[in-house]
Amino acid sequence: MIAAGHHDPFVINGKRLSSRFFLGTGRFPSPAVLQMALDASGAEVITFAVRRVNLESVEDDSILQHMADRELTFLPNTSGANNADEAVRIARLARAAGLGNWIKVEISANPRTLLPDPIETLRATEQLVKDDFVVLPYTSDDPILCKRLEEAGASAVMPGGAPIGSGLGILNPYNIGLIVEDAKVPIIVDAGIGSAVDVVRAMELGADGILVNTPVAKANDPVAMARAMRLAVEAGRTAYQAGRIPQRKYASASSEAEGIPAPLYAASHEGSQ
Amino acid sequence: MKKLDDCRLYVITGENYHPGRSLLDVMERALIGGADILQLRAKETPKREVLAQAYALRELTQRYGVPFIINDHIDIALAVGADGVHLGQDDLPLAEARRILGPDKIIGISTHHIDQALDAERGGADYIGVGPVYPTGTKPGRKAVTTDYVREAAQRVRLPFVAIGGITLDNVDAVLEAGAVRICAVSAIVGSEDPAEACRTFLHHIRLKQMDHLIAGSTCTVCVNGREERTSARTVLELVEQLNLSGKRMVVELNGEIVPHERWGAAPIADGAVLELVHFVGGG
């Protein structure tokens, strides 16, 4: 495995991860499909949300009931939080479940775009780092903000490619490129990915990983899409390492110009003279 | 003698409801059934006859250890050594009656309005009657005060009060529901085929409601995930068990503080507690 093998380690906060593909667990058609998609994705880090237990229906199962036998790293998110304090509260609730201290800070400022609130995200990151969490903030694709989050102690920074669930892909590849260039912690492109093409794009821009949920869960065949994206991560990462050719305005022939046999037309013309 | 505070079933004589049966016989049946305070009321009876009945009932109630009250006739009460008197709004004023009877006799006052009840309380009555809850043949023409007044009395009167007036086995639950803990009945007891059985049934209803109150008294209201819940749980662990959520991987926050799983059994729940029970769901 070149994607995250011995020659290309992927480490977050000292933990060596086997896969650069983080999978979200929401909106799958069934727990069984989620299980199969998880297998197909090869993901080792999975995300989930913290919500109230439904008192009406005790059967309403926690997502974790289906994850018991797997060796996974859990990355709960703070979705539903509108500010830093709420995010910190949710993070503490999540940590109290006893499944580690990783937290994805997710503070949406606008219900239509679900775009993250950069100021509250930074504030929450600062607080949670002080509180000994391993903090992975989901944030806008702003290079300066991403740097500030890194400086605040984020263990990885997760800029969005496009709004959550939009499937619009990497709207600002230039920014993602800058973010990756400057980063000293892993950059994981989170949100906005639509299909495998966007995954390849993100990885080729130099992202260290991707976090995907909706495009897998809501694909016609979530299991096949999980596999496609795993392959895309691998393809994109390998291509990034391989080093692409520069883009240029005009063609550049694949073969040298020298030694091209003389054109037939020219020969016959000469002969007729 | 039974203390007034402990009395639950107040029975009043009503000879017109049991023609052909003797007063003493009917009242003894009521006492056998558990009536625990007895009043002699005989508005139309000549006073000498009332006196004779009073002597007989004094002896009977003494035997059963039950307080004996005389309606209206303070002199008869004093003569036979009754435990107290019961006075209507038009009878001798409370202060006068107290002066005559002294501090130790029981004085009960009929009230039909919360103002009368509070007056009686301030005036030094020992208990009040609250009624007539329903229209009654014993007091024809008097407008029923309904269970609204019972409810008001239960909230505002600190004296023992007895709900009275048209109360039968068919409507007693509504009266108890309104907050009465002492019930008085006349025709439903002395007019029944078997006054002892009628008393037993009344007391059964009263005790059932008492148990409800006891249970309610030992519960508290808490807010769980935004929902008001009455619970008898004393700890987080008990509450989780009562909600059938045992064994779920959950995190509990009590009044804004996370309670670690191992401390659920030691985390007390008080009235007004706010709990959040959360778990993990699918998410990106």
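Conventions we followed
Residues numbered from 1 in each chain as written. Chains lettered and ligands numbered in written order. Predicted model: local features only at pLDDT ≥ 70, side-chain atom pairs only at ≥ 80, totals over all residues. Heavy atoms only, no water. Patch = residues over 30% accessible without salt bridge, like charges linked within 9 Å, V, L, I, M, F, W, Y side chains within 5 Å. Areas by Shrake-Rupley, 256 points an atom, 1.4 Å probe, with all protein chains shown as cover. Salt bridge = Lys/Arg side-chain N within 4 Å of Asp/Glu carboxyl O. Helix = DSSP H or I, 4+ residues; strand = E, 2+ residues; numbered from the N terminus. Buried < 20%, exposed > 50% of the residue type's maximum accessible area, 1.4 Å probe, protein only. Pairing = 2+ DSSP bridges. 1 Å grid on protein atoms, 1.4 Å probe; cavity = no way out; pocket = protein on both sides within 12 Å on 5 of 7 lines; lining within 4 Å. Points joined across faces, edges and corners; volume = space filled by probe spheres on them. Nonpolar A, V, L, I, M, F, W, Y, C, P; charged D, E, K, R; others polar. Expected span 1.5 Å × (residues − 1). Contact = heavy atoms within 4.5 Å. Buried area = accessible area lost by both parts, 1.4 Å probe. Polar contact = N/O pair within 3.5 Å; in protein donor to acceptor, adjacent residues only side chain to side chain.

So, on to a nonpolar patch on the surface. All names here are of chain B. Residues Leu78, Leu92 and Ile100 make up a contiguous nonpolar surface patch of roughly 240 Å² in combined accessible area. Along the polypeptide, Ile100 turns up in helix H4 (residues 94–101). You can call Ile100 partly exposed: its relative accessible area is 42%.

Here we take up the pairing of strand E11 (residues 251–254) of chain B. All names here are of chain B. What you see with E11 is no split at all: Val251 and Glu253 on one side and Val252 and Leu254 on the other are buried throughout. Direction of pairing for E11 relative to strand E13 (residues 274–282): antiparallel, over a ladder of four bridges. Within E13, the residue paired with Val252 across the bridge is Leu277. Linking two consecutive strands that pair antiparallel, namely E11 and strand E12 (residues 257–259), is a turn of two residues; a positive phi of about 50 degrees is found at Asn255 within it.

Glancing now at the layout of surface pockets. There is about 580 Å³ of room inside the largest pocket. Taken together, 28 residues make up the lining of the largest pocket; nearest its centre are Arg27, Glu106, Leu114 and Ile164 of chain A together with Gly284 of chain B. Of all the secondary structure elements, the ones that give two or more residues to the lining of the largest pocket are strand E4 (45–52), strand E10 (209–212) and helix H7 (214–217) of chain A. Within the lining of the largest pocket, the residues separate by chemical class into 10 nonpolar, 13 polar and five charged. Considering only enclosed or pocket space, the second largest pocket measures out at about 490 Å³ in volume. Contributing to the lining of the second largest pocket are 35 residues, with Arg41, Ser110, His112, Lys139 and Ile164 of chain B lying nearest its centre. If you tally residues by element for the lining of the second largest pocket, the top one is strand E6 (residues 127–130) of chain B, at three residues. For the lining of the second largest pocket, a count of residues per class yields 13 nonpolar, 16 polar and six charged.

Attention shifts here to helix H2 (residues 47–64) of chain B. Residues and elements named next belong to chain B. Over its 18 residues, H2 extends 25 Å from the first C-alpha to the last, a length consistent with the 26 Å expected when each residue adds 1.5 Å. Tucked into the core, H2 has its buried residues touching helix H1 (23–33), strand E2 (37–40), strand E3 (68–71) and helix H3 (74–80). Among the residues trailing H2, Gly65 stands out with phi positive, at a value near 65 degrees.

Our focus in this paragraph is the interface of chain A and chain B. The interface of chain A with chain B comprises 32 residues on the first partner and 23 residues on the second. For the pair chain A and chain B, the two sides together bury roughly 2,500 Å², of which 60% comes from carbon and sulfur. By the criterion of area lost to chain B, the three top residues of chain A are Arg52, Val53 and Leu55 of chain A, representing 29% of everything that side buries. Counting every contact that joins chain A to chain B gives two salt bridges. Between Glu253 of chain B and Arg89 of chain A there is a salt bridge, with the nearest N and O atoms lying 2.5 Å from each other. Applying the counting rule to chain A against chain B returns 13 residue pairs in polar contact (both at pLDDT 80 or more). Those elements that provide at least two residues to the side of chain A that touches chain B are E4 and helix H2 (84–96) of chain A. Sorting elements by how many residues they give to the side of chain A that touches chain B places E4 of chain A first, with six residues. Split by residue class, the side of chain A that touches chain B holds 15 nonpolar, eight polar and nine charged. In the sheet, E4 of chain A pairs with E13 of chain B via five bridges, with the strands oriented antiparallel. Across the sheet, Ala49 of chain A pairs through a bridge with Val281 of chain B, a residue of E13 of chain B.

Moving on: the pattern of salt bridges. Under the criterion given, the structure shown has 24 salt bridges over all chains. With a shortest N-O distance of 2.9 Å, Asp8 of chain A and Arg237 of chain A are connected by a salt bridge. A residue pair is termed long-range when its members are at least 10 positions apart, and Asp8 of chain A in the segment before strand E1 (10–12) and Arg237 of chain A in helix H8 (residues 222–242) qualify at 229 residues. Classification of Asp8 of chain A as buried rests on a relative accessible area of 6%. On the accessibility criterion, Arg237 of chain A (8% relative accessible area) is buried. Taking the shortest distance from any N to any O, the salt bridge between Asp119 of chain B and Arg122 of chain B comes out at 2.8 Å. Taken as a pair, Asp119 of chain B and Arg122 of chain B lie in helix H5 (residues 114–123) at a separation of three residues, close to a single helical turn. The class of Arg122 of chain B is exposed, set by a relative accessible area of 63%. In the salt-bridge network here, residues are joined through shared partners; they are Asp8, Arg20 and Arg237 of chain A.

This part covers the sheet that holds strand E6 (residues 102–105) of chain A. Residues and elements named next belong to chain A. Spatially, three strands are ordered E6-E7-E8 in an open sheet, and the strand pairing comes out parallel. The open sheet has two edge strands with one neighbour each: E6 and strand E8 (158–159). In this sheet, strand E7 (residues 134–139) lies alongside E6 in parallel orientation, the contact comprising four bridges. Looking at E7, one finds that Ile103 is bridged to Val135.

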